[in-house]
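Residue-level listing of the chains:
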Amino acid sequence: MSGLKVTGSSLKYKKLLVVIKQTAYEEYSQLKKSGQAPKALRWKRLEQRYNAHKQCVNGLLGVLRKHEVNFSCVNRVELDRQHLADIDLMVAVGGDGTVLSAAHFLDHGTIPLVGVNSDPNVSLEDISTKKRTDERRSHGALCMCTARDLTESLPRVLYGEAEDDLTMRTRIRCKVKSTFSETRLVPALNDLLISNPSPAAVSRYRMGWLEELDPSVRPKAQVYGTITRFAGIPYDVVRSLNVWSSGMWICTSTGASAAMAAAGGRRMDSDSTDLQYLIREHMMENSNEGLDGDVNNGFVLDGEKMHLRWNSQRGRIFVDGSHLTHNLELGDEILIDNNGKFARCLLGFVMVAHTYPDDTAPPLPMFIRKRER
């Protein structure tokens, strides 16, 4: 990389990592070589979207070269933590899925992320003239700019003129405790789906809330309900109920307008640090616990910890979509919270890595255009 030489205003972000989406055209082209590509593919349409994406990538790299920014590029599927060394800004080029995948590697909350929608939705006029095809692209709700306004928006970020658009986004912390291990999943920016791997199978689990116990006081069995531990800290499981359903959605305010909204969840303020949960297709008629529909949709507030005890033979946690998963077994316990004590601490752009313990999910700094999702 060439040395940085900037005239006039100085660059605020001098070392960038550009994460580039791998398009469907590229993936299917690889399958085509081995004769495994589906026969019904519309190659011309896929190629058009690939060309639009590549044009955006080339335009972005041209902007970076024009402003003499040091940068490196990596394919989304090849992104690794080693690529994060010494960078001060990550740019994800693709759509919301690319932004979410890139965010999984920013689990310390010290590197800001900006998303670029490389193939935005076509206009309503174009959709109306093509009634038999689905012309929807990525919604781009997590992207600050698109291929159309890249040349104007990106320099504002590079020179620190877009700091008002930089917001701290709450993320979901999820821990899974099995018989011999305890696993902390990557922080989820949008949502978690916890369910049976088969969409036709019932997901059985016991849902409750954790209240921390004083470790210096020996608990009495007749006083407490079920006692469990996470990271050596004892908790009492309270207000629990058995659930037979199709699983559960848990989302942040960022993800409340995505799958949660499509599933019938409630709208949330974009700056809310609460988490929302929604039980999918709850089979309440066979319950002996006197339940009503209000239990299906609610919130995990600041300081609260949700607890699930998985009672099906198999289960799976989907983190921000289908690409990143964690398998569950009968008896696994899950802790879910929003780390509320950290989520409100930064609304501007001040980041201190050491303020976040290793087992937390600090809020993620993101450049997001101020608009209604």
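As a reminder, the structure under discussion sits directly above these lines.
Bear in mind that the values here come from a model prediction, so they are computed numbers and not experimental data.

Unusually for a residue other than glycine, Ala 231 sits at a positive phi of about 55°. Residue position: Ala 231 is located in the loop between strand S11 (226-230) and strand S12 (233-245). For Glu 281, which is not glycine, the phi torsion reads 50° and is therefore positive. The class for Glu 281 is exposed, based on a relative accessible area of 61%.

Burial in helix H5 (residues 150-158) covers these residues: Leu 150, Ser 153, Leu 154, Pro 155, Val 157 and Leu 158. Lining the buried residues of H5 we find strand S1 (15-20), helix H2 (43-66), strand S3 (89-94), strand S4 (113-117), strand S5 (145-146) and strand S20 (364-367). Looking one or two places after H5, you find Gly 160, whose phi comes out positive at around 75°.

Extensive coverage of strand S16 (residues 306-310) is indicated by the burial of four of its five residues. Two strands pair when backbone bridges link them, and strand S10 (residues 203-212) and S16 are joined in this way by five bridges, in the antiparallel orientation. In the sheet register, Met 207 faces S16, and the bridge partner there is Leu 308. With four bridges connecting them, S16 and strand S19 (residues 333-337) associate as antiparallel partners. Bridging from a neighbouring strand, Arg 309 pairs with Glu 333 of S19.

Pairing is antiparallel in the open sheet, where six strands are placed in the order S15-S14-S13-S9-S17-S18. Two strands in the sheet have a free side with no partner beyond their single neighbour: strand S15 (297-300) and strand S18 (324-329). The average undirected angle you get between the axes of adjacent strands in this sheet is 20°.

Closest axis-to-axis distance for the H2/H5 pair is 10 Å, and the angle between their directions is 45°. For the element pair H2 / H5, the angle class is oblique. Considering the relative orientation of H2 and H5, their crossing is right-handed. In this structure, H2 uses Cys 56, Gly 59, Leu 60, Val 63 and Leu 64 to contact H5, whose residues at the interface are Leu 150, Thr 151, Leu 154, Pro 155 and Leu 158.

Attention shifts here to the pattern of salt bridges. Using the criterion set out here, one finds five salt bridges in the structure. Across the pair Arg 49 and Asp 119 runs a salt bridge, and its minimum N-O distance is 3.0 Å. Of the two residues, Arg 49 is situated in helix H2 and Asp 119 in the loop between S4 and helix H4 (124-128); the sequence distance between them amounts to 70 residues. Taking relative accessible area as the criterion, Arg 49 reaches 24% and is therefore assigned partly exposed. Residue Asp 119 is classed as buried on the basis of its relative accessible area of 12%. A salt bridge links Glu 333 to Lys 177; the nearest nitrogen and oxygen atoms lie 3.6 Å apart.

Strand order across the open sheet formed by seven strands is S8-S7-S19-S16-S10-S12-S11, with antiparallel pairing between neighbours. Edge positions in the sheet fall to strand S8 (182-184) and S11, since each of these pairs with one other strand and no more. Across the sheet, the axes of successive neighbouring strands diverge by a mean angle of 30°, strand direction being ignored.

With that settled, the discussion passes to the side chain of Lys 177. By the element assignment, Lys 177 lies in strand S7 (residues 173-177). In terms of polar contacts, Lys 177 uses its side chain to reach the side chain of Thr 228, at 2.7 Å. Once residues lying within four places of it in the same chain are set aside, the contact partners of Lys 177 are Glu 182, Thr 228, Arg 229, Phe 230, Asp 332 and Glu 333.

What counts and what doesn't
- In this convention, every chain numbers its residues from 1, walking through the sequence in written order.
- With the structure being a predicted model, the display of local features is reserved for residues of pLDDT at least 70 and the display and counting of side-chain atom pairs for 80 or more, all residues being used for whole-chain, interface and lining totals.
- To obtain the side-chain values, all non-hydrogen atoms of the structure were included, while hydrogens and water were left out.
- Note on conventions: DSSP H or I runs of at least 4 residues are helices, E runs of at least 2 residues are strands, and numbering of each starts at the N terminus.
- Throughout this description, buried means an accessible area under 20% of the type-specific maximum (1.4 Å probe, protein chains only), exposed means over 50%, and partly exposed covers the range between.
- Contacts between residues were defined by any pair of non-hydrogen atoms, one from each residue, lying within 4.5 Å.
- Only when DSSP finds a minimum of two bridges between them are two strands counted as paired.
- A fitted line through C-alpha atoms represents every axis, and for helices the fit uses only the stretch in contact; the resulting angles, taken between N-to-C directions, go from 0 to 180 degrees.
- Should an angle fall under 35 degrees it is taken as roughly parallel, and over 145 as roughly antiparallel, whereas 65 to 115 is taken as roughly perpendicular and any remaining angle as oblique.
- Should the near helix be turned counterclockwise from the far one by less than a right angle, the crossing is left-handed, whereas a clockwise turn marks it as right-handed.
- Whenever Lys or Arg places a side-chain nitrogen within 4 Å of a carboxyl oxygen from Asp or Glu, that contact is recorded as a salt bridge.
- Polar contact is the term for a pair of N or O atoms within 3.5 Å; when the atoms are in protein, one must be able to donate a hydrogen and the other to accept it, and sequence-neighboring residues count only if both atoms are side-chain atoms.

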